[in-house]
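Letter by letter, the chains look like this.
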Amino acid sequence: MAQIRIENVRKDFGAFNAVRSSTFTIEDGEFFMLLGPSGCGKTTTLRMMAGLELPTSGEIFIDGEEVGQKPASQRDIAFVFQMFALYPHMNVRGNISYPLKSQGMAKARIRQKVGEVAEILGITDILDRPVGGLSGGDRQRVALGRAIVRDPKAFFMDEPLGALDAEFREHMSEELRALHDRMGATTVYVTHDQLEAMQMGDKIVVMNHGVVEQFGVPQDIYDWPATKFVARFIGDPPMNFLDFDGAVSPGDGAVMLAETPVRMPDLVQGARGSLALGVRPEFVTLDDAAPLRGRIVATEYLGTTQIVTVETAHGRIKARLPSATAVRTGETTGLRLDPRTITLFDNATGLALH
Ligand code: ATP
């Protein structure tokens, strides 16, 4: 088990800056997600923690010891790759025992440890099978078995479920999370899938262009995004932005929406400039008495809910409504935003104003 801290870590590849200056802490036993779009620097960050890449500057601590310049072999960690390469000429038992054999562990002890790991992963019955004919899920379990059999301080996983189809992915992600909860080892997991990050992670770091945009528990990141980027990247459909030039009136916290002052008492009073109100689709309701009005331009049926798109003077707003709510494309409606759920953004910096 391990606490991992990275401090002002930067990585340049020649003239290209892949990771700007990252600082965050992964607590002992956490399931920690590195999330962001392709090319944002999440794999590079993971590889630096694991010792597969050395930081250009900054420090990496594992349990308080600075390991930034140490190779992977001296960090007591295990890496699970997306393209999990099993040894094709060995059976399942051979693949899982391999790391212990290379450590020179006694045969009887290896047998016992492999048995325990197989039990945990539910693969006892396939231990003597060749790996060639195994299903994707079983191959993944064998790869995991090989990683956990060493009892490493921490696990590093780079999109480990990326190669699996959707249904199986969901099943394996539940299994992985359950396995983590049983073993309790610190796990760092790279994904570009915001849903996977929200479902599996104790904490999430959201990265963009080499920069840590936000770091926290999934619910805080969803409810209170620190930047417009995070607000757009998390949530499907993403957060709505209602742009306006002006100010949050000091005194009553009113903002001008569709030329009508609407009180938003929780917003930073006195904020001014090019601003945006951020509101999640589930906190927008249809209300004919509301001053913000628009025309319904699309509806998307999703089973229990529907996404209704309304064109307003402040841009297109999406509302998530129960499917039973009757709406007709082309009709005009009022929109009410739940003021307690609104995040105010400064359009010049993209930062949330709290
Ligand atoms: P993906 O999900 O596509 O792997 P990522 O967020 O994991 O994306 P990284 O793999 O960390 O991103 O890459 C970040 C940036 O650094 C990318 O622009 C990539 O091209 C660049 N990069 C990564 N490794 C190297 C390298 N060895 N040499 C040069 N550039 C690199």
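Source: prediction; values computed, not measured.

> Could you give me a rundown of helix H3 (residues 107–121), with the residues and numbers involved?
An ideal rise of 1.5 Å per residue puts 21 Å on 15 residues; H3 measures up with 21 Å between its terminal C-alpha atoms. Buried within H3 are the following residues: Val-114, Val-117 and Ala-118. Relative to the axis of H3, the buried residues are bounded by an arc of 100 degrees and lie together on one face. Exposed residues on H3 whose side chains face more than 90 degrees from its buried face are Ala-108, Arg-109, Gln-112 and Glu-119. Among the residues trailing H3, Gly-122 stands out with phi positive, at a value near 70 degrees.

> Explain the sheet that holds strand S20 (residues 343–346) residue by residue, including any values.
Judged by pairing direction, the sheet is antiparallel, and its 4 strands sit side by side in the order S11-S14-S20-S21 without closing on themselves. Taken across any chain shown, the strands that pair with only one partner, and hence form the sheet edges, are strand S11 (240–247) and strand S21 (352–353).

> Lay out helix H5 (residues 166–183) in plain terms, naming residues and giving numbers.
Look at H5: 26 Å from first C-alpha to last across 18 residues, which is about the 26 Å you get at 1.5 Å a residue. Trailing H5 by a residue or two, Gly-184 shows a phi angle of about 75 degrees, which is positive.

> Can you lay out unusual backbone geometry for me, pointing to particular residues and giving the numbers?
Backbone phi values are negative for most residues with the exception of glycine, while trans is the configuration of most peptide bonds. Cis geometry marks the peptide bond from Asp-236 to Pro-237; its omega dihedral reads 0 degrees. Note on placement: Pro-237 falls in the loop between helix H8 (228–233) and S11. A positive phi angle, close to 50 degrees, is found at Asn-8, a residue other than glycine. Along the polypeptide, Asn-8 turns up in strand S1 (residues 4–13). Residue classification places Asn-8 among the exposed residues on the basis of 12 C-beta atoms within 10 Å. If you check the backbone angles, Asp-151 has positive phi at about 50 degrees while not being a glycine. Looking at the element boundaries, Asp-151 is found in the loop between helix H4 (136–148) and strand S7 (154–158).

Cut-offs used in this document
Residues numbered from 1 in each chain as written. Predicted model: local features only at pLDDT ≥ 70, side-chain atom pairs only at ≥ 80, totals over all residues. Helix = DSSP H or I, 4+ residues; strand = E, 2+ residues; numbered from the N terminus. Expected span 1.5 Å × (residues − 1). Buried ≥ 20, exposed ≤ 12 C-beta atoms within 10 Å, placed from the backbone. Arc of directions from axis to C-beta. Pairing = 2+ DSSP bridges.

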